[in-house]
Amino acid sequence: MTTGSTGTATTDSNGEHVTEEQVAMASVGSNWAGNLAYGARDVAAPSSVDELAELLQGAGPFRPLGTRHAFNEIADTTGTLVSTANLPEIVEIDADRRTVRVSAAIRYGDLAPRLASAGWALANLASLPHISVAGAVATGTHGSGDKVGSLASAVAGLELIDTDGRRHELRRGDPDFDGAVVSLGALGVVTEVELDIEPAFEVAQTVYEGLDWNEVLGDLDAVTSLGYSVSLFTSWRSADRIDQLWVKHRTDHEERDVPFVRATRPRHPLEGISAEHTTEQLGVAGAWFDRLPHFRLDFTPSNGEELQSEYLVPREHAAAALEAVRGLADRIAPLIHVTEIRTVAADELWLSSAYGTGAVGIHFTWRPVQPAVEAFLPTLEAALEPFGARPHWGKLFTMPGERMPQLYPRWHDFAALRGRFDPRGALRNPFLERLGL
Ligand SMILES: Cc1cc2nc3c(=O)[nH]c(=O)nc-3n(C[C@H](O)[C@H](O)[C@H](O)COP(=O)(O)OP(=O)(O)OC[C@H]3O[C@@H](n4cnc5c(N)ncnc54)[C@H](O)[C@@H]3O)c2cc1C
């Protein structure tokens, strides 16, 4: 087992050589955005499931840790951060069942090319490939697509170890499964995830510029259905114009005519950043994993100096919710790098932001001015409240826990599930307590 709180040593406590990546993982350190220094005492990275089970039977508190991309304290603890990155790597494709079984810590960016080289694909990816499968799934991370669910909706099964060291194998259709996928890391440490796969496909990505807000809101469905995966980006510099529309078209699907002005050179969604960081555009077809994320694995995603929030509203309220946000454009503009609007298909996962309804995600990549952002969030949340907006679990939000049972019909069932899997409360942290869990 590798443990430690700080340090840059190249040997571990047993005198064995460790890579720089392993050292970084073993340090308590901070999250990717650097806005949160974890309050944990140490990091544990067991190298076998038995070792993990033994660790979890101890007192705690613990929190599972992925690739540290969450912007809030969801993964934090005063005790031990538990990483699964040292567990043996697994990528096992089952062609008959159309699934792949993977180790929890694998990053989508490492998994995807391996799947592709075997002729397979995942239905969707987030904007960045740098995140771990278990960490993404635990927060309901999603990409975009009217007919494509969140990354969590592709989970067909998972294996986790609870805080009594018991191993649970949950499969789609099992009674606890729908509660256990988007888990907020509150049920145990996931060790393996089984994901749905489909035959590999190609995607061509094209950016369009300078859309009229009124025209888009007049028929939002017409815009979001222009491709397999569609994103709108705006910096709110103008309350009348949306800066960019990204359309990712599957080459095995019928192509739609897009009635907007096509960009003539590659674009980054954020002003002033080189398009070199982004996946290829200008309609050049390429492998699914090289087009579905906006950002390339070997470059910093997004801006790097940023914070994020996102609220997902049921599709039927999306245009009205966006109008409400537009009414705050003057307040948003000084705080923001960019807003992204995406769609997510409905699922049945209890804590998913698309539970029971197709959803539209209204995302904010803020400048790194956390006090000002957090002072503004209650205003934004109040504007979105009439539309049943659900917060992204891995991003900044200030909504009180009392609101959650109204937003998530299975909230109390999840609270009961958490109590069953973690009766000692060893995985609880201030984030979960704020939510009433
Ligand atoms: C630049 C950037 C772009 C992003 N783009 C998107 C996007 O396109 N779409 C979107 O929806 N989100 C996006 N996010 C948010 C991000 O996907 C989520 O915060 C995600 O949870 C990060 O995964 P992680 O592996 O870094 O998890 P961490 O931040 O390490 O942990 C997040 C949660 O997962 C839990 N967890 C981690 N590993 C395990 C495990 N093995 N078992 C049980 N629980 C576990 C943790 O306890 C914690 O609750 C983005 C974030 C960044 C920084």
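Criteria and cut-off values
- Residues numbered from 1 in each chain as written.
- Predicted model: local features only at pLDDT ≥ 70, side-chain atom pairs only at ≥ 80, totals over all residues.
- Heavy atoms only, no water.
- Helix = DSSP H or I, 4+ residues; strand = E, 2+ residues; numbered from the N terminus.
- Contact = heavy atoms within 4.5 Å.
- Core = buried A, V, L, I, M, F, W, Y, C linked by side-chain atoms within 4.5 Å.
- Buried < 20%, exposed > 50% of the residue type's maximum accessible area, 1.4 Å probe, protein only.
- Near = heavy atom within 4 Å.
- Polar contact = N/O pair within 3.5 Å; in protein donor to acceptor, adjacent residues only side chain to side chain.
- Areas by Shrake-Rupley, 256 points an atom, 1.4 Å probe, with all protein chains shown as cover.
- Nonpolar A, V, L, I, M, F, W, Y, C, P; charged D, E, K, R; others polar.
- Domains from an automatic or database assignment.
- Buried area = accessible area lost by both parts, 1.4 Å probe.
- Salt bridge = Lys/Arg side-chain N within 4 Å of Asp/Glu carboxyl O.
- Pairing = 2+ DSSP bridges.
- Axes fitted to C-alpha atoms, helices over the stretch in contact; angles between N-to-C directions.

All right, on to the environment of Thr379 then. When you line up the elements, Thr379 lands in helix α10 (residues 370-384). Sequence separation between Thr379 and Ala415 is 36 residues; the distance between their C-alpha atoms is 28 Å. Excluding anything up to four places from it in sequence, Thr379 contacts Leu328 and Arg331.

Time to look at the nonpolar core. Of all hydrophobic cores here, the largest spans 105 residues; its most connected members are Leu245, Trp288, Trp366, Leu380 and Trp393. In this structure, Leu245 is in contact with Thr206, Val207, Tyr208, Leu211, Val223, Leu226, Val230, Ser231, Leu232, Val258 and Phe260, ignoring residues within four places of it in sequence. Core analysis: the second largest hydrophobic core is formed by 13 residues, Leu52, Ala53, Leu56 and Val189 among them.

Take the site of the ligand next. In the vicinity of the ligand lie 38 residues, with Pro64, Gly66, Thr67, His69 and Ser132 positioned nearest. For the ligand, an oxygen atom lies 2.7 Å from a polar atom in the side chain of Thr67. Contact with the protein chains removes 99% of the 970 Å² of surface that the ligand exposes when unbound. Only β3 (62-65), α4 (133-138) and β10 (189-196) provide two or more residues apiece to the shell around the ligand. Examining the composition of the shell around the ligand, we find that four residues originate from one element, α4, more than from any other. Its residues assigned to classes, the shell around the ligand shows 18 nonpolar, 15 polar and five charged.

This paragraph deals with the domain arrangement of the protein. Along its sequence, the protein is carved into domain 1 (2-83), domain 2 (91-199) and domain 3 (202-398). Facing the 13 residues of domain 1 at the interface are 18 residues of domain 2. The largest share of the area that domain 1 buries against domain 2 comes from Val49, Leu56 and Thr67, three residues that together contribute 35% of it. The tally of links between domain 1 and domain 2 comes to one salt bridge. Ionic pairing is found between Arg167 and Asp50, a salt bridge with its closest N-O pair at 3.8 Å. At the boundary of domain 1 and domain 2, one finds three residue pairs in polar contact (both at pLDDT 80 or more). Going through the elements one at a time, α2 (49-56) and β3 are the ones with two or more residues in the side of domain 1 that touches domain 2. Broken down by element, the residue count for the side of domain 1 that touches domain 2 peaks at five residues, all from α2. Residues that form the side of domain 1 that touches domain 2 fall into these classes: seven nonpolar, four polar and two charged.

Next up on the list: the pairing of strand β8 (residues 155-161). Successive side chains on a regular strand alternate, one facing one side of the sheet and the next facing the other. With respect to burial, β8 is a largely interior element, seven of its seven residues being buried. With five bridges joining them, β8 and strand β9 (residues 167-171) adopt antiparallel strand pairing. Among the inter-strand pairings, Gly157 is bridged to a residue of β9, identified as Arg171.

Secondary-structure assignment places Asn72 in the loop between β3 and β4 (80-83). Residue classification places Asn72 among the buried positions, given a relative accessible area of 3%. At 2.9 Å, the side chain of Asn72 forms a polar contact with the backbone nitrogen of Ile74. At a separation of 2.9 Å, a polar atom in the side chain of Asn72 contacts the main-chain carbonyl oxygen of Trp393.

Overall, antiparallel pairing links the five strands, which are arranged β5-β6-β10-β8-β9 in an open sheet. Since the sheet does not close on itself, it has two edges, and those belong to β5 (91-94) and β9, each with one partner. Strand after strand, the sheet turns through a mean of 15° between neighbouring axes, direction not considered. Bridge analysis of β8 against β10 gives six bridges, and the strand direction is antiparallel. Each bridged residue has a counterpart across the sheet, and for Val155 the counterpart in β10 is Leu195. Relative to β5, helix α3 (residues 108-117) is tilted by about 40°, and along the sheet it contacts β5, β6 (99-103) and β10.

Turning our attention to the environment of Gly165. Structurally, Gly165 can be placed in the loop between β8 and β9. Here the alpha-carbon distance between Gly165 and Lys248, two residues 83 residues apart in the chain, equals 43 Å. Not counting residues up to four positions away in its chain, the partners in contact with Gly165 are Ala53 and Gln57.

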